Amino acid sequence: MMEHRERRPTHAPQRVLAAIALTLLAGCAQRSYVVLLEEADGTTGQVIVTQTGTTAVLNEAGQGLALDGNGALTVPAARLERDFGAALAAQPALPLRFVFNFEPGGTSLTRESKPRIAELARAMRARPVPDVSIVGHTDRAGDDRTNEQLGLERARTVEALLADALKPAVAITVASHGERNPLVPTADGVAEARNRRVEVTVR
Amino acid sequence: MRLRPCALVVLLGWSCLATASTDDPIGFVKTVAGEVTVVGKRGTVAATPGVPLELGDIVRTRADGRVGLTLKDDTVLSLGPNSELSLTEFTYAPARGELGLGARLSSGTLQFISGVIARLKPESVSIATPNATIGVRGTRFVVKVP
């Protein structure tokens, strides 16, 4: 009896702790949760999580939140790897954007833009099933309707220049934003070299 | 006898694909491992790299499955095993300012990397789970649903 009584206080807390640890692990394994991560460029954005009656903001990389109303979570790296290793491994190559610039008023590429054709061809080869969008833009010199058309002609010019590189594409979309989507906002009528462009995105 | 329903599904699939081709897909399957399906208007198709995605499609992975998707606005989504993701909203007309992106993770694991819609109009992007809604403000995150 005595022996038994003496043992209890020494062992019981350990057992309780072990039981709590197991419960936490098991609970965690089944839980719904979200974790904010750093982006490829080293920045971190934020997510706003709304559950019945509550709203929480995550804005630091590694910050976690249970989705069963139980509040902030610190998720160890090993747990993240176990839960999300497969999802992270399935991540496709990040989309890449290439900007081709043009001489004023027409469809002649600037000399500086020409090497980008080879860079784009490399990005295409690095993706098993690339899809591509080609969007033409103009500056605000000239009227809207002419610029809409000029944007499209520039996009088609780039599409033709890239014909070889684009062969593996599963889809190509070509569009014009005319002067409505400038890279550098200007007053109407202003010729701005950085806005005379075609943006090609390889996904 | 067994082949007939299959042949029918294939034929229906093709005819639906043909009509759907006038609409641009909203994205594509890019990476696949294990068993993954896309369920949508054209029926159920095995996900392989290059399979187009349409609004309303449901992407499902089995116990050995994982899959990576990209959407037209450069959003990148990837799922681990035993996952189900529905593509519930996609509006991408930046020149007209019409933008919206929604998806629902019913089960499993998802990595989300935001694209142009989240950059231009962050309040129009959300990922739903059975008991929470995640608003995206230009970011990368992972989420798990048991």
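In what follows, the structure referred to is the one given above.
Residues numbered from 1 in each chain as written. Chains lettered and ligands numbered in written order. Predicted model: local features only at pLDDT ≥ 70, side-chain atom pairs only at ≥ 80, totals over all residues. Heavy atoms only, no water.

(A) Structural view of the interface of chain A and chain B. With 46 residues of chain A in contact, the opposing surface of chain B contributes 46 residues. With both chains or domains summed, chain A and chain B bury close to 3600 Å², and 60% of this area falls on carbon and sulfur atoms. Between chain A and chain B we count four salt bridges in total. Between R203 of chain A and D74 of chain B there is a salt bridge whose closest N-O contact spans 3.0 Å. Between the two partners, chain A and chain B, sit 18 residue pairs in polar contact (both at pLDDT 80 or more). Those elements that provide at least two residues to the side of chain A that touches chain B are helix 1 (2-30), strand 1 (33-37), strand 2 (46-51), helix 2 (77-89) and strand 8 (171-178) of chain A. A per-element tally of the side of chain A that touches chain B places helix 2 of chain A first, with seven residues. Per-class residue counts for the side of chain A that touches chain B are 26 nonpolar, 11 polar and nine charged. (Contact = heavy atoms within 4.5 Å. Buried area = accessible area lost by both parts, 1.4 Å probe. Salt bridge = Lys/Arg side-chain N within 4 Å of Asp/Glu carboxyl O. Polar contact = N/O pair within 3.5 Å; in protein donor to acceptor, adjacent residues only side chain to side chain. Helix = DSSP H or I, 4+ residues; strand = E, 2+ residues; numbered from the N terminus. Nonpolar A, V, L, I, M, F, W, Y, C, P; charged D, E, K, R; others polar.)

(B) A look at the environment of A171 of chain A. Take A171 of chain A: it is sitting in strand 8. Accessibility expressed as a relative area gives 18% for A171 of chain A, which makes it buried. Separated by 98 residues in the primary sequence, A171 of chain A and L73 of chain A place their C-alpha atoms 42 Å from one another. Residue contacts for A171 of chain A: discarding those within four places in its chain leaves P130, D131 and V132 of chain A together with F28 of chain B. (Buried < 20%, exposed > 50% of the residue type's maximum accessible area, 1.4 Å probe, protein only.)

(C) Molecular detail of the sheet that holds strand 8 of chain A. Residues and elements named next belong to chain A. Strand order in the open sheet made by the four strands is 6-9-7-8, with mixed pairing throughout. Either end of the sheet is taken by a strand with one partner, and the two such strands are strand 6 (96-101) and strand 8. Along the sheet, successive strands turn relative to each other by an average axial angle of 15 degrees, direction set aside. Looking at chain direction, strand 7 (residues 131-137) and strand 8 are connected through seven bridges and run parallel. Looking across to strand 8, one finds that I134 is bridged to V174. Each of strand 6, strand 7 and strand 9 (197-202) is contacted by helix 3 (residues 116-125), which is oriented at about 160 degrees to strand 6, the strand it contacts most. (Pairing = 2+ DSSP bridges. Axes fitted to C-alpha atoms, helices over the stretch in contact; angles between N-to-C directions.)

(D) Seen up close, helix 2 of chain A. Residues and elements named next belong to chain A. In this model helix 2 runs just 15 Å from its N-terminal to its C-terminal C-alpha over 13 residues, more than 12% under the 18 Å that 1.5 Å per residue would give. Taken as a whole, helix 2 carries its principal kink of about 55 degrees at D83. Of all the residues in helix 2, the buried ones are R79, L80, D83, F84, G85 and A87. (Expected span 1.5 Å × (residues − 1). Bend = angle between axes of the 7 residues up to and from the residue.)

(E) The arrangement of unusual backbone geometry in detail. All names here are of chain B. One non-glycine residue, D74, adopts positive backbone phi at about 80 degrees. Looking at the element boundaries, D74 is found in the loop between strand 6 (66-71) and strand 7 (76-79). A relative accessible area of 13% means that D74 is categorised as buried. Despite not being glycine, N82 shows a phi value in the positive range, around 50 degrees. Residue position: N82 is located in the loop between strand 7 and strand 8 (84-93).

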